[in-house]
Amino acid sequence: MLLKVRILTISFTSALVLLLMLCLGAQNLNSRHTVKLGKATTAPLPSGFIVGVSIIAGVISGGSAAAVLIPTRR
């Protein structure tokens, strides 16, 4: 159980650090794109920011899946 919590903590902490670096690095980019979500569209965002957010989502989902798939000891 402690191992699962440790993996989740490391996963979320690393994703938070990546998001912080991504926000700092994406401030001065000129080319901006919108993402269409059904009928709605997002605000104009740099393409690197969109790719970075998808990588961060992958880090969180991968860490969560790894924590869930660890067998528990009885």
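This text goes with the structure placed above it.
In short, a report on the structure. (Residues numbered from 1 in each chain as written. Predicted model: local features only at pLDDT ≥ 70, side-chain atom pairs only at ≥ 80, totals over all residues. Heavy atoms only, no water.)

A contiguous nonpolar surface patch, about 240 Å² in accessible area, is contributed by Leu16, Leu19 and Val53. Along the chain, Leu19 falls in helix α1 (residues 2-25). Take Leu19: its relative accessible area is 33%, and that puts it in the partly exposed class. (Patch = residues over 30% accessible without salt bridge, like charges linked within 9 Å, V, L, I, M, F, W, Y side chains within 5 Å. Areas by Shrake-Rupley, 256 points an atom, 1.4 Å probe, with all protein chains shown as cover. Salt bridge = Lys/Arg side-chain N within 4 Å of Asp/Glu carboxyl O. Helix = DSSP H or I, 4+ residues; strand = E, 2+ residues; numbered from the N terminus. Buried < 20%, exposed > 50% of the residue type's maximum accessible area, 1.4 Å probe, protein only.)

For soluble globular proteins, the rule of thumb is that nonpolar side chains tend to be buried together. Counting five residues, the largest nonpolar core is built from Ala15, Leu22, Ala26, Phe49 and Ile56. For this core, the secondary structure elements donating two or more residues are α1 and α2 (47-69). With sequence-adjacent residues up to four places away left out, Ala15 is seen in contact with Ile56, Val59 and Ile60. (Core = buried A, V, L, I, M, F, W, Y, C linked by side-chain atoms within 4.5 Å. Contact = heavy atoms within 4.5 Å.)

What follows is about the environment of Phe49. Tracing the backbone through its elements, the reader meets Phe49 in helix α2. Spatially, the C-alpha atom of Phe49 lies 6.7 Å from that of Leu22, the residues being 27 residues apart in sequence. When residues no more than four places from it in sequence are discounted, the contact partners of Phe49 are Leu22, Cys23 and Ala26.

With that out of the way, let us pick up the side chain of Ser11. Of note, Ser11 is situated in helix α1. The class of Ser11 is buried, set by a relative accessible area of 5%. At a separation of 3.2 Å, a polar atom in the side chain of Ser11 contacts the main-chain carbonyl oxygen of Val59. In contact with Ser11, other than residues within four places in its own chain, are Val59, Ile60, Gly63 and Ser64. (Polar contact = N/O pair within 3.5 Å; in protein donor to acceptor, adjacent residues only side chain to side chain.)

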